[in-house]
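# An overview of the molecular structure
Here are the chains, one letter per residue:
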Amino acid sequence: MTDQLLVKMENITKTYGHIEALKDVNFHLMSNEIVGIVGDNAAGKSTLIKILSGAIKHDSGKIFIDGQEQKFLNPALSRKLGIETVYQTCALVDNLPIYTNIFLGRLLKKRIFGIFPILNKNLMRKESWKLLHLMAINFDSVSRRVADLSGGQRQAVAIARSIFFNPRVLILDEPTAGLAVKEVKNIEDIVLNLKSKGISTILISHRIESIFRTTDRIVVLRSGTTVMDEKTSNLSSNIVVEKMFGIKSN
Amino acid sequence: MKIKDILLRLGFLLLLCVFIGFLNDNFTKTENLINILRQASLLFILGIGMTLVILSGGIDLSNGSVLVFSSCIGALVLKTNLPTILGILTIFSCGIACGLLNGIMITKIRIPPFIATFAMLFIGRGLAYIILQGRVLFGFKPEFLFFGTGAFLGIPMPIICCILIFLIFSVVLGFTAFGVNIYAVGSDADSARLVGINVSRTTIVIYILSGLLSSFAGLLYTARLDTASPMVGASFPLDAIAIVIIGGAALQGGEGNLAGTGIGALIITVMQNGMNLMAISSLWQQFVTGGIILTLIVMQKCSTYITKRTLHITGSSL
Amino acid sequence: MGILTHQIKSFKLSMFPSAVPILISLGVIFSITADYFFTIENFKNILLNGSVLSIIALGMSVVMLTNGIDLSVGAIISFISIAVAVFLSKGLDITYSIIGALLVGSMVGLINGFLIAVFEFPPFFVTLGTMGVINSMALVFSDGKTIYWEKNWFNTIASSEIFFLPIPFWIVLLLLGFTLWFFHFQSFGTYIWGIGNNEDALRLAGVNTKIYTLISYIISSFLASISGIIITSRIASGNPTVGFGLEFQAIAAAAIGGISFFGGHGHPGFAIVSGLTIIVLINGLNLLGFSTPWQYTGTGVLLILGMFLNIMQGTGEI
């Protein structure tokens, strides 16, 4: 299977006031690939993926998805193009039940009397239940409000939401922050599993062990620029940490 | 919003009715009850618009002014020889226009809803005065007056209109994607945006609906009194907000439903009716209304507290 | 002194909310177009009316900075008017009447602040409730009528002059001085801004945020009481409806003056300027022959313009 270029971001710059969050950053993603993006806080990792997911607009540069330039990305368009994102905050609406959150933004509908579209709550509940059990996550009910869930469960719902619609690119921004060790391994397994199903993943994480366990390639950002873009097999955690913080070793 | 919250309020309403009925015989007379329902209907229609706005995390202080503006401009058309339907469409158009303006100020210019709708409050009422040149219009055609004074199958038109609007919007809120989006935007607008919900569009539509419902209430009000005046309705925004909150919605958004608002409308109307029957001066009426709002807030807080404690103790909420 | 020099050095023109340029523009426009505008008499009139609004706008700003709101200020003004009138008509010494009225007014703020800071009830509803209750009490104690008293020097407070300017103007200046002192030279300002921006952080730093929130509501009602006394002196009678609607004007003035609705941004001193701006607009339109409805509409337009400019400039940024 030849590898295709799924995503190409060229010379991306983003400035907030007089803070340059990203300076001329280049990034690309191939099919069947897991890329890790690492860097210190405020290195620009979240900013970069938010530009790709359409949550933020870049100031200059070009974005190509499947070879086509995208000038007006927004969250809905990104999803249509097959890019799903799990944000650091999970982007879940606490007051709403699990099944609604999973389908938020693209709720399933049915037509009554053949004309009027109304929500198909039963179908959403069923599909949510199936999906969560497939991911080996146990919930007693998908009608519970998200507010009542634990951190790990929330992450599970957020990830379930993003894989339900068969994305081609999955972006995970710090999916294991605040999770227990067992849950972390769960997430790592899911990511590896998705790769075997043909889904490429961009993984942002502070857990260097997770990065080394799952990724094929590592990109290091520092103060808004790319300082390294290398195959994981060629690297060691020492090198990566040095690049992250700009420390030189002997 | 759970069933028990609605039942709590329903219970309060029933207790109130029993209490007043006990103190005053005239309360339970059919004529009086129909009167209550009619008045509550008007308030509820405004309340439905306000519920949508508050659920989305906003607020609309302009509904009284939009009501007045729409009915006054519409009245000018109704007084001509043009068909009544054109006058009615004018009323609705005004409501939609005001709502659209509110929505644009809030989403595109980013003026906080409180200020934007507050400015509309001034502008709507001021323009109504200016265009009517301080006059009051009356003497409308019977087809128009039917909306306020007529009845269908024995039930007064305002009540029927109210029930229809309630049913339509209950379906919208509970069974459409738009309804879910309203709750999402009100609970967590950032997350809503990140999942692809068009927050601006949703917000503008909500304010348009609020304007439309205010103008509809204006239509019923004018038809009932056979008078279009730029001076009425100054207290409507606060009344509408009061019934929405009495109905159990959260002021910051994301929680609440229409049934609760309806019960709130009945509670306030029943109270005012009871106080009028017992000849309690309007001086004290404000006092009592304020007291009820405070009582319900305390009850709401206790209810939240009890739910949290139960969750803590038993691991599941009631 | 180091803090003050730093603040002076970082002073930029963009720190002025739109109220300032709007006030200057209106002043110029009206001076050219309206005959009577640029006269000493008229300016004194403006300062007198403006003082009342500016003072309550100041109090409202402080409260809004803590993410709160005080809807009861209008009612407090009415109530103080009645309170002071009752004291004076019963022959109580003028000084004691004033002090008594100020104390009574501040107590309302104490109740508001207590319910909001300690019990954590939502400010909108607490002050909405108090507004209703206090309004009722004003009506009850006055029996709905105006109260007069034997002519004495109280009636001259509003009109007396020091250095050719009315006393209320000097009161405003004094209050501005206090504001600057407490906000820039004392920790009060930092704490108020902190509560609005991130109350938890402040609390975790060991500051008793509840006390400061409580104090802000006491300040608001105390200032409303001062306004009430000025108005009462001006009309030389106690009127139970004199404060009606002023709470909204105060909120409008605070907003134009750059106070953000989400707390923590803006300088309350500018509320004084924006209160004056609103009064200048109304005064100018009046002199140009535009009746009340036009003034009403004009206020709404002013509000939108003011907010728009603030947002463009970044001072009213959400």
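Criteria and thresholds
Residues numbered from 1 in each chain as written. Chains lettered and ligands numbered in written order. Predicted model: local features only at pLDDT ≥ 70, side-chain atom pairs only at ≥ 80, totals over all residues. Helix = DSSP H or I, 4+ residues; strand = E, 2+ residues; numbered from the N terminus. Rg over C-alpha atoms; globule rule 2.2 N^0.38 Å. Buried ≥ 20, exposed ≤ 12 C-beta atoms within 10 Å, placed from the backbone. Contact = placed C-beta atoms within 7 Å. Pairing = 2+ DSSP bridges. Axes fitted to C-alpha atoms, helices over the stretch in contact; angles between N-to-C directions. Nonpolar A, V, L, I, M, F, W, Y, C, P; charged D, E, K, R; others polar. Parallel < 35°, antiparallel > 145°, perpendicular 65-115°, else oblique. Left-handed = near helix turned anticlockwise from the far one by under 90°. pLDDT = per-residue confidence, 0-100. Expected span 1.5 Å × (residues − 1). Core = buried A, V, L, I, M, F, W, Y, C linked by C-beta atoms within 7 Å.

For the rest of this paragraph, the subject is the overall build of chain B. Within chain B one finds 13 helices and four strands. Relative to its length of 318 residues, chain B is compact, with a C-alpha radius of gyration of 20 Å against a globular reference of 20 Å. With the C-alpha coordinates of chain B rotated into their principal frame, the extents come out at 70 × 55 × 35 Å. Put simply, chain B has 318 residues, and 50% of those count as buried.

Looking only at helices and strands, one finds eight helices and twelve strands in chain A. Over its C-alpha trace chain A gives a radius of gyration of 19 Å, about what one expects of a compact globule, namely 18 Å for 250 residues. Dimensions along the principal axes, computed over C-alpha positions, put chain A at roughly 70 × 45 × 40 Å. Per-residue burial for chain A yields a buried fraction of 42% across its 250 residues. Sequence-distant contacts in chain A: of pairs separated by 6 or more residues, those separated by 24 or more amount to 66%.

As a further point, take the sheet that holds strand β1 (residues 5-16) of chain A. All names here are of chain A. With respect to topology, four strands assemble into an open sheet ordered β2-β1-β4-β5, the strand pairing being antiparallel. Edge strands, defined here as strands with exactly one partner in the open sheet, are β2 (19-30) and β5 (68-69). Against the sheet, helix α1 (residues 45-53) makes contact with β1, β2 and β4 (60-65), and its axis sits at roughly 120° relative to β1, the strand it touches most.

We now examine the interface of chain B and chain A. Of the residues lining the interface, 17 residues belong to chain B; the matching set on chain A comes to 18 residues. Sorting the residues of the side of chain B that touches chain A by element identifies α8 (177-187) and α9 (189-194) of chain B as the ones contributing at least two each. At five residues, the largest contribution of residues to the side of chain B that touches chain A is made by α8 of chain B. Among the residues making up the side of chain B that touches chain A, the classes are represented as nine nonpolar, five polar and three charged.

With that settled, the discussion passes to the arrangement of the chains. Most contacts, compared over the two pairs of chains touching, are made between chains B and C. Contact between chain A and chain C is absent, and the least distance between their C-alpha atoms amounts to 12 Å.

Looking now at the interface of chain C and chain B. Taken together, the contacts link 30 residues of chain C with 29 residues of chain B. If you list the elements that add at least two residues to the side of chain C that touches chain B, you get α6 (123-142), α10 (246-256) and α12 (292-313) of chain C. When residues of the side of chain C that touches chain B are assigned to their parent elements, the largest contribution, twelve residues, is made by α12 of chain C. Classifying every residue of the side of chain C that touches chain B by side-chain character gives 22 nonpolar, eight polar and no charged.

Right, let's get into the packing of helix α2 (residues 19-33) of chain C against helix α11 (residues 269-287) of chain C. Residues and elements named next belong to chain C. Interaxial distance between α2 and α11 falls to 9 Å at its minimum, and their mutual angle equals 25°. Relative to α11, the element α2 is oriented roughly parallel. Crossing geometry of α2 relative to α11 is assigned as left-handed. Counted together, A19, V20, I22, L23, L26, G27 and F30 of α2 and F270, V273, S274, L276, T277, V280, L281 and G284 of α11 form the full contact between these two elements. For the contact of α2 with α11, the per-class residue count stands at eleven nonpolar, four polar and no charged.

Bringing the confidence of the model for chain A into the picture now. With 98% of its residues at a pLDDT of at least 70, chain A reaches an overall mean of 88. Confidence scores differ between elements of chain A, with helix α6 (residues 181-196) of chain A showing the lowest mean pLDDT of 84 and strand β10 (residues 200-204) of chain A the highest of 94.

On to the environment of I134 of chain C. Residues and elements named next belong to chain C. Looking at the secondary structure, you find I134 in helix α6. For I134, a count of 28 C-beta atoms within 10 Å gives the class buried. With 93 residues separating them in the primary sequence, I134 and E41 have C-alpha atoms 35 Å apart. Once residues within four sequence positions are removed from consideration, I134 is found in contact with S72, A75, I76, F79 and V108.

To continue, consider helix α10 (residues 199-225) of chain B. Residues and elements named next belong to chain B. Helix length check: α10, at 27 residues, gives a terminal C-alpha distance of 39 Å against a target of 39 Å (1.5 Å per residue), a fit within 8%. The buried count for α10 comes to 20 of 27 residues, which makes it a mostly enclosed element. One or two steps after α10, the chain reaches D226, where phi turns positive at roughly 55°.

Residues and elements named next belong to chain B. Taken N-terminus to C-terminus, the directions of helix α4 (residues 84-107) and helix α5 (residues 113-132) make an angle of 145°; their axes are 9 Å apart at the nearest point. The chirality of how α4 crosses α5 is right-handed. Residues C98, L101, N102, M105 and I106 of α4 lie in contact with α5, whose contacting residues are P113, A116, T117, M120 and G124. Considering only residue class, the contact of α4 with α5 consists of seven nonpolar, three polar and no charged.

For the rest of this paragraph, the subject is the nonpolar core. Core analysis: the biggest nonpolar cluster contains 250 residues, and A119 of chain B together with I56, A57, M60, A250 and A254 of chain C have the highest contact counts within it. With 13 residues, the top contributor of residues to this core is helix α9 (residues 209-235) of chain C. Each residue touching A250 of chain C, except ones within four places of it in the same chain, is listed here: L53, I56, A57, M60 and V73 of chain C.

This part covers the sheet that holds strand β6 (residues 83-86) of chain A. All names here are of chain A. The six strands are arranged β6-β9-β10-β3-β11-β12 in an open sheet whose pairing can be described as mixed. Because the sheet does not close on itself, it has two edges, and the strands there are β6 and β12 (225-231). Sheet twist, expressed as the mean angle between neighbouring strand axes with direction ignored, is 15°. Where strand β11 (residues 217-222) meets β12, six bridges bridge the pair, whose relative direction is antiparallel. Within β12, the position partnered with R222 by the bridge is T225. Each of β3 (34-39), β11 and β12 is contacted by helix α8 (residues 237-245), which is oriented at about 25° to β11, the strand it contacts most.

Residue and element names in this part refer to chain A. Notably, A91 is not glycine yet its phi reads approximately 50°, a positive angle. Here A91 lies in the loop between β6 and α3 (98-102). Its 23 C-beta neighbours within 10 Å are what place A91 among the buried residues. Even without being glycine, E174 reaches a positive phi, approximately 50°. A residue is classified by how many C-beta atoms lie within 10 Å of it, and E174, with 19 of them, is partly exposed.

Turning to the pairing of β2 of chain A, a few remarks are in order. Sheet analysis places β1 of chain A next to β2 of chain A, joined by eight bridges and oriented antiparallel. Residue I12 of chain A lies in a different strand from β2 of chain A, and its bridge partner there is V25 of chain A.

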